[in-house]
Amino acid sequence: MSVKVLKFGGSSVADASQIRKIREIIEADAERRYVVVSAPGKRYSGDSKITDLLIMLKAVIDNNIPYEPLLAPLKERYTSIADELGIDANLDEEFDVLRKNLKAGCSGNYIVSRGEYLSARLIAAYLGYDFLDTKDLILFDNKGRLLADETNAALSAALSEHERAVLPGFYGSYASSGDICLFSRGGSDVTGSLVARAAGASVYENWTDVSGMLMADPRIVDNPLPIKNISYIELRELSYMGASVMHEDAVFPARLSDIPINIRNTNQPEDPGTVISNSDDCEDGSVISGIAGKPDFTVISIYKNMMNNEVGFVRRALAIVEDAGISFDHIPTGIDSLSMVIASSELEDKLDDILEAFRVQLKPDDISVENGIALIAVVGRRMNRTVGVSARICAALAAEGINIRMLNQGTGEINVIVGVEAPDFEKAVRAIYNEFVPARS
Ligand code: ASP
């Protein structure tokens, strides 16, 4: 029987009524055998995520403030879920263990990981599935970097002993010491992907509170169309430019094993959501898959007569940026000019030092700096078979009176990057969207 791995995010396990929904989803398909869960998230706006409460608990302990007043509401949150679901999840015992470990001076990572741990314990009891702790199955080196092969081997071996299991997301342990190590926030997405790889899953279903990705930011474009299919590379391009739907590191394990990721909505399980895969399925949809952008880039332009004859000029310019620990986004070049497009947040207090280094080491004729440039990525794997995509982008922007400050299309032809002035950003996104997506009546 093929296996489906499901991951449910914080809003999907926030309270008993959400957990009832996830049981219906899991039980609707016998192939849904491995379930990764987050810690309970917010039930309403203004509510607290369990992970945030645990981070607060850790801070209180670090500052030698009595922590008992924070433990009570934590326990109450889990107890009320268990009571409403009519299950016994041994919460008294679990909290006794936690108290004992707190007294013994357990690590901050251990404290924060308890959100997922207790969530998985409780949901395993409710579903009648085995509980499988990820502590010794997801392994990190001493610097907190995932040990992908060791993790895959440990997870595969453990999964093969359980027909059905619930696993906590977000944490594993240091291979050397066995102490708990966390992914960065939102890391249960990564756990789900690792479990999908280890299980050889036919699909990794990532259940959240939206019905997949949208073709553009709904705060900019009214009611944008959902994306049905998207490739891993397109997803990477769109996420990089701010269209985030999952933890960045969650794509890699699934992609490595060619497992499609299906983003689904726990509150609307009938919606097909977005499928992220290697498939080149183009039977429907627009020539573009999505549009994303960020409004705050700085462009540093360096001019030097006969620059194209000076061997090593670009290397020296890039070494200056590298030494300052800055990562750049684009470097459009001309015969006597070189521009660097850099996220303004990267530059902050380093700009003056870099300009000085450019002047001293490159001896340019002129340097200019321009802030407030927005970059828009128009992404689509079908572009490379289509004539006129850039022409349509340019025409759509011209029709709105928007000046294009930069235009960049890589030879991979997976995207076109357009630079416009920040005040034109949203208008430009709408103009491009309307050009490629037929209006709905
Ligand atoms: N609970 C963790 C967080 O809030 C991890 C996760 O939900 O993915 O970031």
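Fair warning: this is a prediction, and the values are worked out from it, not measured in the lab.

## Some points on the overall build of the chain
- The secondary structure content of the chain amounts to 14 helices and 16 strands.
- Considering the chain as a whole, with its 441 residues, one finds that 50% of them fall into the buried category.
- Across the chain, the fraction of contacts at a sequence separation of at least 24, relative to all contacts at a separation of at least 6, is 74%.
- Computed over 44 positive and 64 negative side-chain charges, the inter-centroid distance for the chain is 1 Å.

## Description of the site of the ligand
- As a structural note, the neighbourhood of the ligand is formed by S38, T51, E116, F170, R185, G186, G187 and S188.
- In the model, a nitrogen atom of the ligand is placed 2.6 Å from a nitrogen or oxygen of the E116 side chain.
- In this structure, G186 approaches the ligand through a main-chain N or O atom, which is 2.8 Å from an oxygen atom.
- In the complex, 90% of the free accessible area of the ligand, which totals 260 Å², lies under the protein chains.
- A majority-of-atoms criterion places the ligand in the largest pocket.
- Across the shell around the ligand, the residue classes tally to one nonpolar, five polar and two charged.

## Things to note about the packing of helix α2 (residues 50-62) against helix α3 (residues 68-85)
- Where α2 meets α3, the closest approach of the two axes is 10 Å, and the angle between their N-to-C directions is 160°. The pairing of α2 with α3 is recorded here as roughly antiparallel in orientation. The element α2 and its partner α3 pack so that their crossing is left-handed. Residues I50, L53, L54, M56, L57 and V60 of α2 touch α3, and the partners they reach there are L70, L71, L74, R77 and Y78.

## Some points on unusual backbone geometry
- Positive phi values are uncommon outside glycine, yet N64 reaches one of about 55°.
- Mapped onto the fold, N64 is located in the loop between α2 and α3.
- Among the residues examined, N64 registers a relative accessible area of 72% and is labelled exposed.
- Of note in the backbone geometry, N90 takes a positive phi value of approximately 55° without being a glycine.
- Mapped onto the elements, N90 comes out in the loop between α3 and α4 (91-103).

## Re the layout of surface pockets
- By volume, the largest pocket is sized at about 1000 Å³.
- Surrounding the largest pocket, 45 residues form its lining, T208, D209, S244, V245 and M246 being those nearest its centre.
- Those elements giving two or more residues to the lining of the largest pocket turn out to be α7 (188-199), β8 (203-208), β12 (290-303) and α14 (425-436).
- A per-class count over the lining of the largest pocket returns 20 nonpolar, 16 polar and nine charged.

## Focus on a negative patch on the surface
- Where like charges cluster on the molecular surface, the negative patch consists of E348, D349, D352 and D353.
- Structurally, D353 is set in helix α12 (residues 351-362).
- In this structure D353 comes out as exposed when scored by relative accessible area, which is 57%.

## Digging into the side chain of S173
- As for its placement among the helices and strands, S173 is situated in strand β6 (residues 171-174).
- For S173, the side chain forms a polar contact with the main-chain oxygen of K135, separated by 2.5 Å.
- If we ignore the near neighbours within four places in the chain, the residues touching S173 are K135, D136, I138, L139, F140, G178, D179, I180 and C181.

## So, the packing of aromatic side chains
- Applying the stated criterion to the full structure yields four aromatic pairs.
- Taking 6.5 Å as the distance between ring centres and 55° as the angle between the ring planes, the aromatic pair formed by Y78 and F95 counts as tilted. Highlighted residues: Y78 in helix α3 and F95 in helix α4, separated in sequence by 17 residues.
- The residue whose ring lies beneath R23 is Y126, and the NZ or CZ to ring-centre distance is 4.2 Å.
- Geometry around Y117 places R114 over its ring, the cationic atom sitting 4.2 Å from the centre.

## Some remarks on the sheet that holds strand β3 (residues 130-131)
- Here eight strands make up an open sheet; going across it, the order is β3-β5-β2-β1-β8-β10-β11-β9 and the pairing mixed. Each edge of the open sheet is held by one strand with a lone partner, namely β3 and β9 (229-231).
- Sitting on the sheet, helix α1 (residues 16-27) is in contact with β1 (4-8), β2 (32-37) and β8, with an inclination near 170° to β1.
- Here helix α5 (residues 108-127) sits on the sheet in contact with β2, β3 and β5 (165-168), set at roughly 170° to β5.

What counts, and at which threshold
- Residues numbered from 1 in each chain as written.
- Predicted model: local features only at pLDDT ≥ 70, side-chain atom pairs only at ≥ 80, totals over all residues.
- Heavy atoms only, no water.
- Helix = DSSP H or I, 4+ residues; strand = E, 2+ residues; numbered from the N terminus.
- Buried < 20%, exposed > 50% of the residue type's maximum accessible area, 1.4 Å probe, protein only.
- Contact = heavy atoms within 4.5 Å.
- Lys, Arg positive; Asp, Glu negative; His and termini not counted.
- Charge placed at Lys NZ, Arg CZ, Asp CG, Glu CD.
- Near = heavy atom within 4 Å.
- Polar contact = N/O pair within 3.5 Å; in protein donor to acceptor, adjacent residues only side chain to side chain.
- Areas by Shrake-Rupley, 256 points an atom, 1.4 Å probe, with all protein chains shown as cover.
- 1 Å grid on protein atoms, 1.4 Å probe; cavity = no way out; pocket = protein on both sides within 12 Å on 5 of 7 lines; lining within 4 Å.
- Sits in = over half its atoms within 2 Å of the grid points.
- Nonpolar A, V, L, I, M, F, W, Y, C, P; charged D, E, K, R; others polar.
- Axes fitted to C-alpha atoms, helices over the stretch in contact; angles between N-to-C directions.
- Parallel < 35°, antiparallel > 145°, perpendicular 65-115°, else oblique.
- Left-handed = near helix turned anticlockwise from the far one by under 90°.
- Points joined across faces, edges and corners; volume = space filled by probe spheres on them.
- Patch = residues over 30% accessible without salt bridge, like charges linked within 9 Å, V, L, I, M, F, W, Y side chains within 5 Å.
- Salt bridge = Lys/Arg side-chain N within 4 Å of Asp/Glu carboxyl O.
- Phe/Tyr/Trp six-rings, centres within 6.5 Å; stacked < 30°, edge-to-face > 60°.
- Lys NZ or Arg CZ within 6 Å of the ring centre and 35° of its normal.
- Pairing = 2+ DSSP bridges.

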